[in-house]
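# Working through the structure, step by step
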Amino acid sequence: MTPNDQTLEVIPLAALLDRTRAMREQGCRLVQICATRLSDEVELTYSFDREYRMSSFRVVVPAAEASVPSVSGIFWCAFLYENEIHDLFHVEVSGMAVDFHGRFYKTAVKYPFGGVKPTAVAGSASAAND
Amino acid sequence: MPRTIIPFGPQHPVLPEPVHLDLVVEDEKVVEARPSVGFVHRGLEKLVEKKDFGEFVYIAERICGICSFIHSQTYCQGIETLLGLKAPPRAQYLRTIWGEFSRIHSHLLWLGLMADAVGFESLFMHSWRVRERILDLIEATTGGRVIFGACKVGGVRRDIGAEAARHILAEMDGIEQDARDITRVFLGDSSIKVRLSGVGVLARQDAYDLGCVGPTLRASGVAQDLRRLGYAAYGELQFQPVTRAEGDAFARCAVRCDEIFQSIDLVRQALAKIPAGEIAVKVAGNPKGEVIARAEQPRGEVTYLLKANGTKHLQRFRVRTPTFANLPAMIRLLQGCDLADVPALVLTIDPCISCTER
């Protein structure tokens, strides 16, 4: 076991609930759910830990009208991450155990990382030339 | 029975930072607590697109004023993994020492806040008086009291010389004695016991299922401490996670008390074993790839997801702070508690809103 003992796998959206349920049955805890905005897509990374070993899987959804099912029926604590993803990235999450209806974060700009991407970010041609 | 919603926060005497709870009560019993955060959300994660990965250490360290050093350390460890380099052994030990200084001063700060919350003003002042001694050591070794500025990608900026090491060891003796005096009161005073024992019980399995971390989890009997991963110098030091079985507010207080002495012991071990040598290595190139770096902050596990594409700017920087992981437990703890216990229960997870509002 090392600090970097971790795996990451990309899975289809249809497998999200089954894979999450399998993690629960293996005795894992939910460590985090992270959204990353790409140019036209949103990556959602679900990370789990069991005895210091971290496993993550990732689903990629289109940024426009992004929608995923909630995993809070499996890991109740997921509702916080899911509300965050909704409020910051404009990803609709259906069936959250606790739904703040967009009022979990009070940001000046609604969905600051959602919608049409406002500016080019690292990874674009200009950034690559730095 | 009719229900009433009582707003708690965002400004409240027990809260040093803004968080809001809608407390749904029946008579004097809380039946539901609905939190809302975001009052001071700073969007620091977004800044990664404007600051290069070396500069961003300064941003990471400013996520929180209490666990500032461990934020910068975790970020640097993640970047070093992506760059395929390792900080020199002496730097790993120095990071460990400063990390444990952070833990001691964070726990003493929390003890003071808890003493204040239960109306024990003199204990609050003594806790923070002892904390000043640690802040003085941090200032003497790094130049800062809140922001250390000592960690960088590839190592650290400052060293601790032989004379400073002797001074730290002497201070550890004094701080240990002071800490024994005040923790004896926290763990032995009958009014504190009555106030915290049996209040806000979190069963072992519930704590694990809710994703709790740090003292909140360990007070429910789960021996999980990310320092066991062996990052920095922890793999070469002897320690066991501090746990309690009771899972109540008193147990969460007791775990933090015991962890102060554990940290003092780790500082002594680290100073006894610290090897001579360089404190930083040269950094070349840009990070590429993806990693989740983890460390044990005073409040529990912090995770840094770092995604890089070979340019000087990261693609994604995401922090999951221990307070965020402990919020579900706080909601669960408040269900069914007496209204008068809410301030103490909120404090027992040691909420750090500036961390959460990164």
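Residues numbered from 1 in each chain as written. Chains lettered and ligands numbered in written order. Predicted model: local features only at pLDDT ≥ 70, side-chain atom pairs only at ≥ 80, totals over all residues.

## A word on the packing of helix α3 (residues 89–117) of chain B against helix α4 (residues 121–142) of chain B
All names here are of chain B.
- At their nearest, the axes of α3 and α4 sit 8 Å apart, and the two run at 160 degrees to each other. Here α4 runs roughly antiparallel to α3, going by the angle between their axes. Seen from above, α3 lies across α4 with left-handed handedness. Contacts from Trp98, Phe101, Ile104, His105, Leu108, Leu109, Leu111, Gly112, Ala115 and Asp116 of α3 reach α4 at Glu121, Leu123, Phe124, Ser127, Trp128, Val130, Arg131, Ile134, Leu135, Leu137, Ile138 and Thr142.
- Along the lines of polarity and charge, the residues of the contact of α3 with α4 split into 15 nonpolar, four polar and three charged. (Axes fitted to C-alpha atoms, helices over the stretch in contact; angles between N-to-C directions. Helix = DSSP H or I, 4+ residues; strand = E, 2+ residues; numbered from the N terminus. Parallel < 35°, antiparallel > 145°, perpendicular 65-115°, else oblique. Left-handed = near helix turned anticlockwise from the far one by under 90°. Contact = placed C-beta atoms within 7 Å. Nonpolar A, V, L, I, M, F, W, Y, C, P; charged D, E, K, R; others polar.)

## Here we look at the interface of chain A and chain B
- In this complex, chain A contributes 33 residues to the contact, which on the side of chain B involves 35 residues.
- Mapped by element, the contributors of at least two residues to the side of chain A that touches chain B are β1 (6–10), β2 (29–37), β3 (41–50), β4 (53–62) and α3 (125–128) of chain A.
- In terms of residue count, the dominant contributor to the side of chain A that touches chain B is β2(A) (six residues).
- Tallied by class, the residues present in the side of chain A that touches chain B amount to 19 nonpolar, 10 polar and four charged.

## Considering the pairing of strand β2 (residues 20–26) of chain B
Residues and elements named next belong to chain B.
- Across six bridges, strand β1 (residues 3–8) lies against β2 in antiparallel orientation. Paired with phenylalanine 8 across the bridge in β2 is leucine 21.
- One ladder, built from seven bridges, connects β2 with strand β3 (residues 29–36); its direction is antiparallel. Within the sheet, the bridge partner assigned to leucine 23 lies in β3 and is alanine 33.
- A loop of two residues connects β2 with β3, the two strands running antiparallel in sequence, and aspartate 27 in this loop sits at a positive phi of about 55 degrees. (Pairing = 2+ DSSP bridges.)

## Here's the deal with the sheet that holds β1(B)
Residues and elements named next belong to chain B.
- One open sheet holds the three strands; their spatial order is β1-β2-β3, and the pairing between them is antiparallel. Pairing within the sheet leaves two strands with one partner each, and these edge strands are β1 and β3. Strand-to-strand twist across the sheet, computed as the mean angle between neighbouring axes with direction ignored, equals 20 degrees.

## Observations regarding the sheet that holds strand β8 (residues 314–320) of chain B
Residue and element names in this part refer to chain B.
- The strand order β6-β7-β8 describes an open sheet built from three strands, whose pairing is antiparallel. The open sheet terminates on both sides in strands that have one partner only, identified here as β6 (288–297) and β8. Going from strand to strand, the sheet's axes swing by 10 degrees on average, the running direction of each strand aside.
- Bridging between strand β7 (residues 300–309) and β8 involves six bridges; their strand directions are antiparallel. Opposite tyrosine 304, over in β8, you have valine 319 as the bridge partner.
- In the packing of helix α2 (residues 68–83) onto the sheet, the strands contacted are β6 and β7, and the crossing angle to β6 comes to about 150 degrees.
- On the sheet, helix α10 (residues 322–334) packs against β6, β7 and β8 and is oriented at approximately 130 degrees with respect to β7.

## Description of the nonpolar core
- Of all hydrophobic cores here, the largest spans 147 residues; its most connected members are A:Ile85, B:Leu306 and B:Leu334.
- Dropping the residues within four chain positions of it, B:Leu306 is found in contact with B:Gly78, B:Ile79, B:Leu82, B:Glu290, B:Val291, B:Ala293, B:Leu314 and B:Phe317. (Core = buried A, V, L, I, M, F, W, Y, C linked by C-beta atoms within 7 Å. Buried ≥ 20, exposed ≤ 12 C-beta atoms within 10 Å, placed from the backbone.)

## Re the packing of helix α5 (residues 162–188) of chain B against helix α9 (residues 249–273) of chain B
Residue and element names in this part refer to chain B.
- Viewed as axis vectors pointing N to C, α5 and α9 meet at an angle of 165 degrees, and their least axial separation amounts to 10 Å. Our classification of the angle between α5 and α9 gives roughly antiparallel. When you trace α5 past α9, the crossing you get is left-handed. Counted together, Ala165, Ile168, Leu169, Met172, Ile175, Glu176, Ala179, Thr183, Phe186 and Leu187 of α5 and Cys253, Ala254, Cys257, Ile260, Phe261, Ile264, Val267, Arg268 and Leu271 of α9 form the full contact between these two elements.
- Along the lines of polarity and charge, the residues of the contact of α5 with α9 split into 16 nonpolar, one polar and two charged.

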